[in-house]
Amino acid sequence: MADVSLKEVALIVGVVAACYWNSLFCGFVFDDVSAILDNKDLHPSTPLKNLFQNDFWGTPMSEERSHKSYRPLTVLTFRLNYLFSELNAVSYHFLNLIFHGVVCVVFLKVCKLFLDNRSSVVASLLFAVHPIHTEAVTGVVGRAELLSSIFFLAAFLSYTKSKGPDNTIVWTPIAVTVFLVAVATLCKEQGITVVGICCVYEVFIAQGYTLPVLLDTAVQILQGKGSIPFSMLQTLLKLIVLMFSTLLLVVVRVQVIQSQLPVFTRFDNPAAVSPSPARQLTFNYLLPVNAWLLLNPSELCCDWTMGTIPLVESLLDVRNVATLIFFCFLGSLVVFSLRYPGDSSKTVLMALCLIVLPFIPASNLFFPVGFVVAERVLYVPSMGFCILVAHGWKKLSNKSVLRKISWVCLAVVLFTHALKTLHRNWDWESEYTLFMSALKVNKNNAKLWNNVGHALENEKNFERALQFFIQATQVQPDDIGAHMNVGRTYKNLNKTKEAEESYMIAKSLMPQIIPGKKYAARVAPNHLNVYINLANLIRANESRLEEADQLYRQAISMRPDFKQAYISRGELLLKMNKPLKAKEAYLRALELDRTNADLWYNLAIVYIELKDPTEALKNFNRALELNPTHKLALFNSALLMQESGDARLRPEAKQRLLNYVKEEPQDANGYFNLGMLAMDDKKDVEAEAWMKKAIRLQPNFRSALFNLALLYSQTSKELMALPVLEDLLKYYPDHTKGLILKGDILMNQKKDIVGAKQCFEKILELDPNNVQGKHNLCVVYFEERDLIKAEKCLVETLALAPHEEYIQRHLNIVRSKIASLSVTEQSSLPADGTATTAAEEKKKSFQNLKEVKNEQKTSQMTADNKKGQSKNKKRTEKNNMEEETPKKSTKEIKDLEKKRVAALKRLEEIERILNGE
């Protein structure tokens with residue numbers, strides 16, 4: 001076996017780079033979305049053991065909806081990508097490009113076992129540029145093929161070293177082979193097929209047997225004319241070791257999938273559920289279809305499911321001729337390779353092994369798979385195809401007459417294939433470009449129409465998306481998913497009636513329940529979402545909540561492990577004010593998935609409804625343990641800590657709000673609540689900064705405007721509060737507390753009695769029974785020296801709030817003053833100086849009364865609901881950030897009480913002065 005030279009490596013790597021450089025500009029498309037973007041196993045917060053418990057898409061292998069594709073080492077490489085670049089697609093595509101280059105170089109080394117140097121380079125170049133590989137290389141999920149191929153070829157190369165001098169057995173390479181086979185299988189299932197190639201190599205290449213020799217030896221042994229040669233015994237021993245190790249891997253693999261095959265539907269693979277002979281005829285016809293893609297990769301398609309290839313339902317179908325020709329050609333190659341000795345037959349035999357054996361798992365011949373044709377599964381079989389082509393080219397080029405033509409043909413093939421590959425890469429730039437390119441090849445696949453619709457839907461182009469979804473229903477009228485897509489798009493277009501009609505059509509296409517038979521075994525699990533979507537639609541109508549609940553329960557009865565049904569039902573039960581039943585639904589969902597942060601968050605919301613903040617906080621914390629950046633859990637848990645009144649929780653609440661604004665920098669609520677926390681901590685400058693930032697993001701933020709004005713008022717910056725209050729009242733002219741605060745400032749600071757009076761009168765226009773507004777208007781009358789009107793006003797106020805002692809006291813003071821003025825008028829008037837002094841004393845008394853009143857009322861006005869609006873997607877009723885009676889913390893209540901006591905003491909002093917004591 002010749003070594004691979006540095007020049008050859010440079011040539012191969014250069015060609016690979018030239019063909020796939022533009023793949024670096026492609027994004028995550030098609031299956032990449034599920035395997036990369038939606039796969040939590042990539043996140044560092046997910047335990048590594050989950051990679052070995054879940055399938056390729058991050059679904060637990062134990063779940064019925066699992067695809068059963070077990071490729072933990074491939075997912076591990078995705079996780080490494082995520083660790084270094086998170087979801088930057090360039091790094092994922094770059095690593096795929098490197099892996100493809102490695103495969104090409106290792107393949108060159110394998111080719112040199114059966115071909116000369118020149119032919120080996122030709123085979124490797126053909127493999128490097130073949131357009132059929134774009135799905136495996138440019139599609140990120142194709143990394144499973146790439147990684148598996150590296151270890152697949154490495155295992156084979158290791159096994160070729162297991163034959164020692166004098167035909168002895170070298171066990172170390174065999175042990176390495178078994179290990180590499182296991183690794184290849186953990187990258188993708190087809191890696192195990194290399195064992196079959198090693199067996200063929202051992203018998204027909206390493207030992208040099210041909211089929212006639214083996215038959216003659218078997219006949220002689222059976223007739224008792226001879227014994228098994230020692231060399232053959234050694235071969236049998238090696239094969240037994242290989243087969244036993246393979247059997248162990250198969251047993252482990254079956255245990256991993258828990259002896260369950262994945263659930264596929266007739267939409268994924270129509271032939272798999274077709275009766276005989278259509279099933280057999282179609283599956284056999286797919287073999288020449290795959291061979292044609294290798295031979296002529298001019299029309300490539302990312303999705304060959306559904307109606308892409310019509311069923312072969314009759315022996316008279318002309319396509320059976322292609323099947324017959326294929327098997328005749330394949331049979332002739334098999335006979336040639338097994339019957340005749342020589343290097344040429346050995347090369348053909350190994351090429352056939354590389355074509356056939358790795359393809360068997362995807363052939364549908366032994367068990368159904370979830371696709372009709374998939375270009376990426378031809379990655380390894382194309383190696384055998386390239387060896388056959390290179391071997392044939394060698395035969396032609398050795399003939400002087402055909403030498404130049406063979407070189408020209410080779411150059412044309414390499415150039416056109418490289419050009420096609422380069423062009424094909426651009427199809428994978430986005431989902432829209434990928435599926436539109438597929439529709440050019442095949443218009444009979446409803447899934448392609450649906451996928452173009454999805455791509456447009458992601459761009460919020462619902463009108464165009466609807467056209468493609470409707471076309472999908474016309475191509476495949478019984479496609480449940482297509483009707484669901486139409487319904488969802490109608491909903492996005494606010495066409496509720498049309499959406500419900502589409503969902504009802506999809507529901508009518510669902511298979512009927514058969515007693516004793518598992519429902520999910522006969523339908524794709526995601527099709528059950530039609531019940532969820534329909535229920536979510538109709539529950540917007542308050543009169544149809546019970547009907548929606550019935551749909552959720554129907555979905556659960558069909559599949560008791562339908563997690564999403566429990567989640568959606570829990571939301572509905574909260575809306576129906578049934579928190580205990582909602583709690584039961586979420587607890588059942590958590591039994592199915594305890595790693596779902598959203599579920600713990602939803603359960604926390606239920607506990608809030610149940611008035612159990614301690615349990616709510618525990619569940620918020622659990623959600624954040626699973627997902628530290630869970631935005632809603634960060635926000636609402638911080639509010640819960642803030643509302644608890646426990647000063648020890650404020651630092652953590654602040655940190656969570658800081659994390660929240662980092663995730664949602666444009667949400668004013670986060671900054672507002674940071675400001676409220678700062679106010680609680682008496683950090684006035686910091687509070688002012690947070691409030692201003694919230695207002696910059698949302699100029700009409702009602703609570704932020706009022707509390708900023710209140711902050712100014714409480715920190716002796718009343719005049720700075722006025723412009724803020726003007727803005728507040730511009731947006732909300734009926735904001736009662738804003739009017740009260742503005743009136744107080746105008747009366748106390750600006751001495752604008754008229755302006756203050758207008759504020760209080762405005763309050764009474766809005767709410768004639770507002771005690772604060774009416775009492776403050778009484779004080780205005782007092783300031784205007786209209787004692788009779790002030791008395792009448794206070795009497796009316798006392799009638800509204802008969803238990804408020806301060807109103808009664810103020811009324812007594814006014815009446816006392818009226819009485820004293822009456823006595824003064826009846827007696828002789830004193831000297832001017834005395835009168836002036838009395839007037840000043842009276843004015844001072846009025847001023848004291850006003851200030852006491854203001855202090856009394858301002859002390860009651862601590863915040864206009866300090867806890868901004870709860871951004872709670874799971875709760876049916878959001879917290880109202882405009883509550884008129886906010887909950888006060890223990891510390892706030894104590895502060896209020898202190899202020900109230902101080903105010904009462906001052907009031908008593910005023911009363912003593914007025915009474916002349």
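A quick note: this is a predicted structure, and the numbers were derived from the prediction, not measured.

I'd like a description of the overall build of the chain, backed by residues and values.
The secondary structure content of the chain amounts to 40 helices and 0 strands. For the chain, the proportion of contacts with a sequence separation of at least 24, taken over those separated by at least 6, is 66%. Roughly 41,900 Å² of accessible area belongs to the chain as shown, and the carbon and sulfur atoms make up 59% of that amount.

Could you give an account of the state of the cysteines, naming the residues involved and the relevant values?
Scanning all chains against the criterion turns up 1 disulfide. Each disulfide pairs two cysteine sulfurs, and for cysteine 778 the partner residue is cysteine 793, the sulfurs being separated by 2.0 Å. Here the S-S torsion is close to -85 degrees, and the disulfide linking cysteine 778 with cysteine 793 is therefore left-handed. With cysteine 778 in helix H36 (residues 771–783) and cysteine 793 in helix H37 (residues 787–800), this pair connects stretches of sequence that are 15 residues apart.

I'd like a rundown of the pattern of salt bridges, residues and numbers included.
Under the counting rule described, the total for this entry stands at 36 salt bridges. The residue lysine 774 makes a salt bridge to glutamate 796 at a minimum N-O spacing of 2.9 Å. Of this pair, lysine 774 sits in helix H36 while glutamate 796 sits in helix H37, and the two are 22 residues apart along the sequence. For lysine 774, a relative accessible area of 13% puts it in the buried group. Taken together, the shared-partner salt bridges in this structure form one network comprising Asp31, Glu135 and Arg376.

For the packing of aromatic side chains, give the residues involved together with the corresponding values.
For any pair of aromatic rings, the description consists of the separation of the ring centres together with the inter-plane angle of the planes. Tallied over the full model, the rule gives 20 aromatic pairs. Taking the centre distance of 6.2 Å and the plane angle of 85 degrees together, the rings of tryptophan 21 and tryptophan 426 count as edge-to-face. Of this pair, tryptophan 21 sits in the loop between helix H1 (6–20) and helix H2 (31–37) while tryptophan 426 sits in helix H16 (residues 403–427); the two residues are 405 residues apart in sequence, bridging distant segments of the chain. Under the relative-accessibility criterion, tryptophan 426 is labelled partly exposed at 33%. Ring geometry for phenylalanine 114 versus phenylalanine 156: centroids 6.3 Å apart, planes at 35 degrees, classification tilted. Linking phenylalanine 114 in the loop between helix H4 (89–111) and helix H5 (117–129) with phenylalanine 156 in helix H7 (residues 143–159), this pair joins segments that are 42 residues apart in sequence. Just as phenylalanine 114 is buried, phenylalanine 156 falls in that class too. Taken together, the ring pairs connect Trp21, Phe25 and Trp426 into an aromatic cluster. Across from the ring centre of phenylalanine 56, 4.9 Å away, lies the NZ or CZ of arginine 71, which sits over that ring.

Any chance you could break down unusual backbone geometry for me, citing the residues and the numbers?
Backbone torsion omega between serine 276 and proline 277 reads 0 degrees, so that peptide bond is classified as cis. Summarising the element assignment, proline 277 is placed in the loop between helix H11 (230–256) and helix H12 (278–295). Even without being glycine, glutamate 86 reaches a positive phi, approximately 50 degrees. With respect to the helices and strands, the residue glutamate 86 is situated in the loop between helix H3 (72–85) and H4. One non-glycine residue, asparagine 494, adopts positive backbone phi at about 60 degrees. Tracing the sequence through the fold places asparagine 494 in the loop between helix H20 (480–492) and helix H21 (496–508).

Give me the lowdown on the packing of H16 against helix H17 (residues 431–441), citing residues and values where you can.
At their nearest, the axes of H16 and H17 sit 7 Å apart, and the two run at 120 degrees to each other. Between H16 and H17, the crossing angle belongs to the class labelled oblique. Mapping the contact onto sequence places Arg424, Trp426 and Asp427 in H16 and Thr433, Leu434 and Ser437 in H17. Considered class by class, the residues forming the contact of H16 with H17 number 2 nonpolar, 2 polar and 2 charged.

For the nonpolar core, give the residues involved together with the corresponding values.
In a soluble, globular protein the nonpolar side chains are often hidden away together inside. If you look at the biggest cluster of nonpolar residues, it comprises 163 residues, and the most contacted ones within it are Cys302, Ile309, Val373 and Tyr531. Sort the elements by how many residues they give to this core and helix H26 (residues 597–609) lands first, with 9 residues. Setting aside residues up to four positions removed in sequence, isoleucine 309 forms contacts with Tyr285, Leu286, Val289, Trp304, Arg319, Val372 and Val373. Among the nonpolar cores identified, the runner-up in size contains 72 residues, and Leu115, Phe127, Ile150 and Tyr379 belong to it.

Break down H17 for me, with residues and values.
Since one α-helical turn is 3.6 residues long, residues separated by three or four positions face the same way. Among all positions of H17, only Glu431, Leu434, Phe435, Ser437, Ala438 and Leu439 are buried. Packed against the buried residues of H17 are H2, H16, helix H18 (446–458) and helix H19 (462–475).

Explain the environment of asparagine 444 to me, using residue names and the numbers behind them.
Along the chain, asparagine 444 falls in the loop between H17 and H18. Exposure remark for asparagine 444: the relative accessible area of 47% places this residue in the partly exposed category. Separated by 137 residues in sequence, asparagine 444 and glycine 307 have C-alpha atoms that sit 5.4 Å apart. In contact with asparagine 444, not counting residues within four places along its chain, are Gly307, Thr308 and Val475.

I'd like a description of the side chain of lysine 238, backed by residues and values.
Here lysine 238 shows up in helix H11. Residue classification places lysine 238 among the buried positions, given a relative accessible area of 2%. One polar contact links lysine 238 to glutamate 202, side chain to side chain, over a distance of 2.9 Å. Not counting the four nearest positions on each side in its chain, lysine 238 is found in contact with Tyr159, Ser162, Lys163, Ile169, Ile174 and Glu202.

Quick one: what's the story with the packing of helix H32 (residues 702–714) against helix H34 (residues 736–748), residue by residue and with numbers?
It is at 11 Å that the axes of H32 and H34 come closest, and there the two elements cross at 25 degrees. Taken as axis vectors, H32 and H34 run roughly parallel relative to one another. Every pair of crossing elements has a handedness; the one defined by H32 and H34 is left-handed. Judged by residue contacts, Phe706, Ala709, Leu710 and Ser713 of H32 engage Lys737, Gly738 and Leu741 from H34. For the contact of H32 with H34, a count of residues per class yields 4 nonpolar, 2 polar and 1 charged.

Tell me about the confidence of the model for the chain, residues and numbers included.
Mean pLDDT over the chain: 85, with 87% of residues reaching 70 or higher. Below a pLDDT of 50 lies the segment residues 828–894, which in the model reaches 156 contacts outside its immediate sequence neighbourhood of four places, other chains included. Counted against residues more than four places away or in other chains, residues 896–917, with its pLDDT under 50, gives 34 contacts.

Account for the environment of glutamine 564, with residues named and values stated.
You can see glutamine 564 is positioned in helix H24 (residues 563–575). The partly exposed category is assigned to glutamine 564, whose relative accessible area is 34%. Sequence spacing of glutamine 564 and alanine 589 is 25 residues, and the spatial spacing of their C-alpha atoms is 7.8 Å.

Go over H3, please, and point to the residues and values.
With 14 residues, H3 extends 20 Å from end C-alpha to end C-alpha; this agrees with the ideal 20 Å at 1.5 Å per step. Within the sequence span of H3, burial applies to Pro72, Thr74, Val75, Thr77, Phe78, Arg79, Asn81, Tyr82 and Ser85. Where H3 is buried, its residues touch H2, H4, H7 and helix H8 (171–187). Glutamate 86 lies just past H3 and shows a positive phi near 50 degrees.

I'd like to hear about the environment of aspartate 680, residue by residue, with values.
Structurally, aspartate 680 can be placed in helix H30 (residues 668–680). Sequence spacing of aspartate 680 and alanine 647 is 33 residues, and the spatial spacing of their C-alpha atoms is 8.7 Å.

Lay out the side chain of serine 69 in plain terms, naming residues and giving numbers.
Inspection of the secondary structure puts serine 69 in the loop between H2 and H3. For serine 69, a relative accessible area of 3% corresponds to the buried category. In terms of polar contacts, serine 69 uses its side chain to reach the side chain of tryptophan 57, at 3.3 Å. Serine 69 has contacts with Asp55, Phe56, Trp57, Glu189 and Arg253, leaving out every residue within four places of it along the chain.

Cut-offs applied
Within any chain, residue numbers begin from 1 and follow the written order of that chain's sequence. Confidence filtering applies because this is a predicted model: local features only for residues at pLDDT of at least 70, side-chain atom pairs given and counted only at 80 or more, and all residues used for totals across whole chains, interfaces and linings. Computation of side-chain values covers all heavy atoms of the structure but excludes hydrogens and water. Only DSSP runs of H or I with at least four residues qualify as helices, and only runs of E with at least two residues qualify as strands; both kinds are numbered from the N terminus onward. Contacts are assigned to residue pairs that have any heavy atoms within 4.5 Å of one another. In this description, accessible areas are obtained by the Shrake-Rupley approach with a 1.4 Å probe, and a residue is regarded as covered only by the protein chains that are shown. The definition used for a disulfide is geometric: two cysteine sulfur atoms within 2.5 Å. Just to be clear on terms, a salt bridge is a Lys or Arg side-chain nitrogen sitting within 4 Å of an Asp or Glu carboxyl oxygen. Between buried and exposed lies partly exposed: a residue is buried under 20% and exposed over 50% of the maximum accessible area for its type, with that area taken using a 1.4 Å probe on protein chains only. Stacked, edge-to-face and tilted are the three classes for Phe, Tyr and Trp ring pairs, Trp counted by its six-membered ring, which pair at centre distances within 6.5 Å; planes under 30 degrees apart are stacked, over 60 edge-to-face, the rest tilted. When the NZ atom of lysine or the CZ atom of arginine is within 6 Å of a ring's centre and also within 35 degrees of its normal, the charge is said to sit over that ring. Axis lines are fitted to C-alpha atoms, over the contacting stretch for helices. Their N-to-C directions set the angle, which ranges from 0 to 180 degrees. By definition in this entry, angles of less than 35 degrees are roughly parallel, angles greater than 145 are roughly antiparallel, angles of 65 to 115 are roughly perpendicular, and the rest are oblique. Side-chain classes follow a simple rule in which Ala, Val, Leu, Ile, Met, Phe, Trp, Tyr, Cys and Pro form the nonpolar group, Asp, Glu, Lys and Arg form the charged group, and the remainder, Gly included, forms the polar group. To define a nonpolar core, start from buried Ala, Val, Leu, Ile, Met, Phe, Trp, Tyr and Cys residues and group those joined through side-chain atoms within 4.5 Å. Here a polar contact is recorded for every N or O atom pair within 3.5 Å, except that within protein the pair must consist of a potential hydrogen donor and a potential acceptor, and residues adjacent in sequence are included only if both atoms are side-chain atoms. Should the near helix be turned counterclockwise from the far one by less than a right angle, the crossing is left-handed, whereas a clockwise turn marks it as right-handed. Every residue gets a pLDDT, meaning the predictor's confidence in that residue, from 0 to 100. Residue count minus one, scaled by 1.5 Å, sets the expected span of a helix.

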